[in-house]
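Below, each chain spelled out in residue letters.
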Amino acid sequence: MTDRAKTEVEEPERGGPAGGSGRVPAPRGLSAAEVAERVARGEVNDVPVRSSRSTADIVRSNVFTRFNAIIGVLFAIILVIGPIQDGLFGFVIVANTGIGIIQELRAKKTLDSLALIGEARPTVRRDGVAAEIPTSEVVLDDVIELAPGDKVIVDGEVLESDSLEIDESLLTGEADPVVKKPGEPVMSGSFVVAGGGAFTATKVGREAYAAQLAEEASRFTLVHSELRTGISQILKYVTWMMVPTALGLILSHLLTLGLPGDEAVRRMVAGIVPMIPEGLVLLTSVAFAIGVIRLGRQQCLVQELPAIEGLARVDVVCLDKTGTLTEGGMDVSELRALDGCDPVDIQQVLGAFGACDPRPNASLQAIIDAYPPLDSWRCTATLPFSSARKYSGAAFEEPGGARSAWLLGAPDVLLPEGDRLLPEIDGLNAQGLRVLLLARANRPLDHPDVARDVDPAALVVLEQRLRPDAPDTLRYFAEQGVHAKVISGDNAVSVGAVAAKLGLPGAGSAVDARKLPHDDPDAMATAVEEGAVFGRVTPQQKRDMVAVLQSRGHNVAMTGDGVNDVLALKDADIGVSMGSGSEATRAVAQIVLLDNSFATLPSVVAEGRRVIGNITRVATLFLTKTVYSVLLAILVACAQIPYPFLPRHLTLLSTLTIGVPAFFLALAPNKERARPHFVRRVMRYAIPSGLIAGIAAFGTYLLARVHYTGPDALPAQTSAATLTLFLTALWVLAIIARPYTWWRIALVLTMGLGFLIVLVTPWLQRFFELRLVGTTMPWAAVAIAAVAAVLLEAVWRWVGRRFPA
C-alpha cells in the first residue's frame, strides 16, 4: 500500500497564499453505514472505464457483417442446390470468423487485466481515514482528496482548497488553470495542476456528463484508422460491383446459354464469391488483436487500438525529460550557500520547506530525503509549485518568532537577466545537473510580483538519474528515421547536457523556449523543426510545439508522465504516458507504459509497422483476386460463354494463394516505416496484377474451348484455366513474399505442392472436379502462366518507378 493509500485524516494547519493560519477540522467523510445506504440506493459511480469492447460487441462485429450476410445467403443457396463441395467457401468464412472472435477475446482479456493494473484509484475519506479505492466504488457525497496530477473523476463541489488550481481545458477549451475556492464546482474530466484540496461528490455515475464523455473517448475501438477506413472504402466499391455482375452472369447463363437453373446459379455464385475480400477485414482485426497481446506481454496498455497503427506512422517523437529520459527520483549532490548565509540555517529552511508540502514533486522529495524537517519551524502559508511559474513558496514562523517567506525554483526565473550567479549556474547545468535557487522573498506570497527582487540564499544542486535504456531507444528512433525532440520545463543547458549524455543528435544546440518566435507561426515551426532540445517550455508551449509540427505535415508522438504534459499528450497524434505518471496523463494517453520503461516504445513502433506493412502486402493479394474475378465475370458475360469455374475451384485457389499464406505474411516481422495513402498504394499493384491474371486465365479458357470439344468438355476446359489462374496467382504471391527468407520460400513452395497434390490424387480430383486431360493443353496453360509471370514482373517494376507511394 502506498503512503497515500491509507492515512488518518489529521487536522492540518492551513492558510491561504497570503499567509494566515489556524486549524480547520478536516471533514471525516462518510461512515460505513452511509456508504452502504448510498450503494443500496444505486448512488454509485458505476460507469465502467472499459479498456476494450464487450464480448457481445466482439461477437456481433465479427459475425454480423455485410459480407458475412452476402456469403451466408450464397452458402444457403448452394446447400439447397448442391453439391456440398461447392459450398466450401461457407465453412471457410465460419472458421475465419471464429478465429477473429477468439483473437479479439484474447486481446480483450489482455487489455482488461492491464487496465486493472493501471486504473486510477482516487483517495477518499471515510470514517476519518483516507484510503485509495477503485473509481467504481465512489458514492454520492464522498469526500475525495486532490493532489497535483490527479484527475477529477466525478462532478463535485470544493470542500477544501490549499491554493488549488484546476485545468479545465480538456472540457472548456480555456487554457489558463482556474483557482478553486471552497464552495465552487469542479467537473469530472478536469485535472489538478497545482496545490491540493478535497471536494464532495455531487454527481456520480452516468449523471456526470463529463464522465460519460471521458468513458466514450477512452473506450477501446477498432475504427478511426487510415488502414480500416481504406479497407471500408474498398469494400464499398466492391459491393457496388457485385449486384450488376451477379445479374449479368445469371441472365447470360439462363437466357443466352440455356443452362439449367441450378447450374446457372452455381456458376453465378462462383463468379460472385471470389469478388469479396472477406478475409481482409478479418486479417486486419486479427493482426491488431495479436499486436495488443504481444504488447501486453511487455506491460504496454493500448487504450485505443489504432494507436499501434498511429505510432508506426510517427516521424517525430517529443520526449519529456523528467520521468522519460531520466528516472523519477533525484539526489542532492551539493548545497552552495550564497552571500555569507549559514549552511546550517539553509538546511533548516530546506527541511521546513519540505515539511510544508504533503505531496512533494521529485525535486522536493530529494531535498526532504537530504534535510529532515524540524518541529520548531511553523509553516504559515504556502505557494504550490506550478509548471507555469517554475517555483514554489512557503512562509514560516521561525523558532525565535521571526517571520520569513521563501521561494524555491528555477534560478533563471527568480534571478534578473545578467545576474552574477547565472554563469556559475550555467556551468552546473552544462554538466547535466539540475539547479534550484532558494531565495528569501521580500513580498507576501500572494503578491503578483513575489518573485522580483528576491535575496538569493543558496543553490541546491540535484543529480538526475538517467534511464539506462534511453540511449538504445534514441538510437533506434534515429535508425528508423524518427526525429526525437526533448521538450522540458527545465533549464535548456541542463536538458541539453542530459540529452548529450544519451547521444541525442543536436543536443549541443539547446533552445530556450522563452526565446522562440511565438508570434510568428512559420518562424516558430521552422525553429521547432530544426531544434532537437528545448528547455523552459511551459505546458501551453508544449501544446503549441506539437501543433506547429503537425502543421508542417509531421505525425507527432508525445511522451510524458507529469501534469504539465497533459495538453500536449491530448493534442499529439499519439500520446504515450508512463504508468507511474499522473492520473491525468494516463487518462488522455492512447498508450500507457505500465512498467515505466521508455525502452518499450520501439516495440510499439515495430508492432505498428508490422501490422500496417503486412496488411498492405496481403491486401494486394485479396484485391488482385477481386479484380480478376470482376474481369472474368465481365468477359464471360460479353462472350456469351459459360463461366469457367465452380465455387470449389476458386475456394481452392483462394485458400492456397491468399488465405493460408496471407495469415502467415500478416504476422511476420516488418520494419518498413508506415506510409500514407493505403488505398492508392494497394490498388496500384492489385489492378494490373488482377488484369494480367484474369486475361491469362480467360485466354487459356478460350484456347481450351477450341482444343477440347464435345458435350463433356467443360471440366477439361475449366481444369486448364484453373491451372493458369493458380500459377499466375502463385507468382503474385511470390512477388509479395519478397524479400525472401527461408520460411517465405517454403511457404510459396508448400502452396504449390498443395495444388499439385490435388491434381495427382484421384479422390481430390473428383472432389474438386479438376483433371488435366492430355499434355498439350496443360503445357499450354503453363506457358501462358509463364508469360503472365514475366508481365507481372515488368509491370510491378514499372509501377514502382512510375507511381511511387
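The rules behind these values
- Numbers given for residues are sequential positions, taken from 1 along each chain in its written order.
- Local features in this predicted model are restricted to residues whose pLDDT is 70 or higher, and side-chain atom pairs enter the listing and the counts only when it is 80 or higher, whereas totals over whole chains, interfaces and linings include all residues.
- In computing side-chain values, all of the structure's heavy atoms are included and hydrogens and water are not.
- In this text, helices come from DSSP runs of H or I with a minimum length of four residues, and strands from runs of E with a minimum of two, each type numbered from the N-terminal end.
- For each residue, the accessible area found with a 1.4 Å probe, counting protein chains only, is set against the maximum for its type, and the residue is called buried under 20%, exposed over 50%, and partly exposed in between.
- Working convention for charge: Lys and Arg count positive, Asp and Glu count negative, and His plus the chain ends are omitted.
- Any carboxyl oxygen of Asp or Glu within 4 Å of a side-chain nitrogen of Lys or Arg constitutes a salt bridge here.
- Residue contacts are counted whenever heavy atoms from the two residues lie within 4.5 Å of one another.
- By the convention used here, strands pair only if DSSP detects at least 2 bridges between them.
- Axis definition: a line fitted to C-alpha atoms, limited for helices to the stretch in contact. Angles are taken between N-to-C directions and run from 0 to 180 degrees.
- A residue's bend is the angle separating two fitted axes: one through the seven residues that end there, the other through the seven that start there.
- Centre distance within 6.5 Å is the pairing criterion for rings of Phe, Tyr and Trp, where only the six-membered ring of Trp is used; planes under 30 degrees apart are then read as stacked, over 60 as edge-to-face, and the remainder as tilted.
- N or O atoms closer than or at 3.5 Å make up a polar contact, with two conditions inside protein: a donor-capable atom paired with an acceptor-capable one, and, for residues adjacent in sequence, both atoms drawn from side chains.
- The definition of a nonpolar core used throughout is a set of buried Ala, Val, Leu, Ile, Met, Phe, Trp, Tyr and Cys residues joined through side-chain atoms within 4.5 Å.
- In what follows, roughly perpendicular refers to angles from 65 to 115 degrees, roughly parallel to angles under 35, roughly antiparallel to angles over 145, and oblique to any angle outside these ranges.
- With the far helix as reference, a near helix turned anticlockwise by less than a right angle produces a left-handed crossing, and one turned clockwise produces a right-handed crossing.
- The residue classification treats Ala, Val, Leu, Ile, Met, Phe, Trp, Tyr, Cys and Pro as nonpolar and Asp, Glu, Lys and Arg as charged. All others, Gly included, are polar.

Right, let's get into the side chain of Glu398. For Glu398, the location among the structural elements is in the loop between β13 (391–397) and β14 (403–409). Among buried Asp, Glu, Lys and Arg side chains, Glu398 stands out as unpaired, with Arg440 the closest opposite charge at 4.4 Å. Residues within four places of Glu398 in sequence aside, it is in contact with Ser376, Trp377, Ser404, Trp406 and Arg440.

An order of β9-β22-β21-β20-β10-β17-β19-β18 is seen for the 8 strands of this open sheet, with the pairing classed as mixed. The open sheet has two edge strands, β9 (300–302) and β18 (511–512), and neither has a second partner. Pairing geometry for β18 and strand β19 (residues 533–535), over 2 bridges, is parallel. Residue pairing for β19: Asp512 is matched across the bridge by Gly535. Each of β10 (316–319), β17 (483–487), β19 and β20 (556–560) is contacted by helix α18 (residues 539–551), which is oriented at about 160° to β20, the strand it contacts most.

Note that Arg389 resides in the loop between β12 (378–383) and β13. Separated by 149 residues in sequence, Arg389 and Thr538 have C-alpha atoms that sit 8.7 Å apart.

Turning our attention to helix α22 (residues 647–666). The largest bend in α22 is about 50°, located at Thr655. Counting buried residues along α22, 15 of its 20 residues qualify, which places the element largely inside the surrounding structure.

So, about the environment of Pro471. One can find Pro471 in helix α15 (residues 470–479). Look at Pro471 and you get partly exposed, because its relative accessible area is 22%. With 33 residues separating them along the chain, Pro471 and Leu504 place their C-alpha atoms 7.8 Å apart.

Our focus in this paragraph is the packing of aromatic side chains. For the structure shown, the criterion picks out 9 aromatic pairs. Each ring, one from Phe726 and one from Phe755, has its centre 4.0 Å from the other, and the planes form 10°; the classification is stacked. Here Phe755 lies in helix α25 (residues 742–760) and Phe726 lies in helix α24 (residues 714–736), a separation of 29 residues in the sequence. For Phe755, a relative accessible area of 3% translates into the label buried. An aromatic cluster is built from Phe353, Trp377 and Phe396, whose rings are joined through pairwise contacts.

Burial of strand β15 (residues 434–440) is extensive: 6 of the 7 residues sit out of reach of the surface. As defined by bridge partners, β14 adjoins β15 across 4 bridges and the pair is classed as antiparallel. Among the inter-strand pairings, Trp406 is bridged to a residue of β15, identified as Arg440. Sheet topology places β15 next to strand β16 (residues 455–466); 7 bridges connect them, and they run antiparallel. Counted as the bridge partner of Leu438 is Ala458 from β16.

Before going further, it helps to examine the side chain of Thr616. Mapped onto the secondary structure, Thr616 falls in helix α21 (residues 601–639). Of note is the side chain of Thr616, whose polar atom sits 2.8 Å from the backbone oxygen of Ile612. Beyond its immediate stretch of four places on either side in the chain, Thr616 contacts Phe678, Arg681 and Val682.

The tendency in soluble globular proteins is for nonpolar side chains to be buried as a group. Counting 87 residues, the largest nonpolar core has Ile615, Leu725 and Phe755 as the members making the most contacts within it. It is α21 that contributes the most residues to this core, 12 residues altogether. Excluding residues that lie within four positions of it along the chain, Phe755 makes contacts with Leu652, Leu653, Leu656, Thr722, Leu723, Phe726 and Leu770.

Before going further, it helps to spend a moment on unusual backbone geometry. Across the junction of Arg738 and Pro739, the peptide omega takes the value 0°, indicating a cis bond. Assignment of secondary structure puts Pro739 in the loop between α24 and α25. Look at Lys390: it is not a glycine, yet its phi comes out positive at around 75°. Residue Lys390 is classed as buried on the basis of its relative accessible area of 10%.

Our next topic: the pattern of salt bridges. Taken as a whole, this structure holds 27 salt bridges when the rule is applied. The closest approach of N and O atoms between Arg336 and Glu424, which form a salt bridge, is 2.7 Å. With Arg336 in strand β11 (residues 326–337) and Glu424 in helix α14 (residues 422–429), the pair connects residues that are 88 residues apart, well separated along the chain. Here the salt bridges share partners, and the residues they tie into one network are Asp412, Asp512, Arg514 and Arg536.

Packing of α24 against helix α27 (residues 776–802) brings their axes to within 8 Å, and their N-to-C directions diverge by 30°. As summarised for this structure, α24 and α27 are arranged roughly parallel, according to the angle between their axes. The handedness of the crossing between α24 and α27 is right-handed. Across the interface between the two elements, Ala720, Leu723, Thr724, Leu727, Thr728, Trp731, Val732, Ile735 and Ile736 of α24 pack against Met777, Pro778, Ala781, Val782, Ile784, Ala785, Ala788, Ala789, Leu792, Glu793 and Trp796 of α27. The residue inventory of the contact of α24 with α27, partitioned by class, reads 17 nonpolar, 2 polar and 1 charged.

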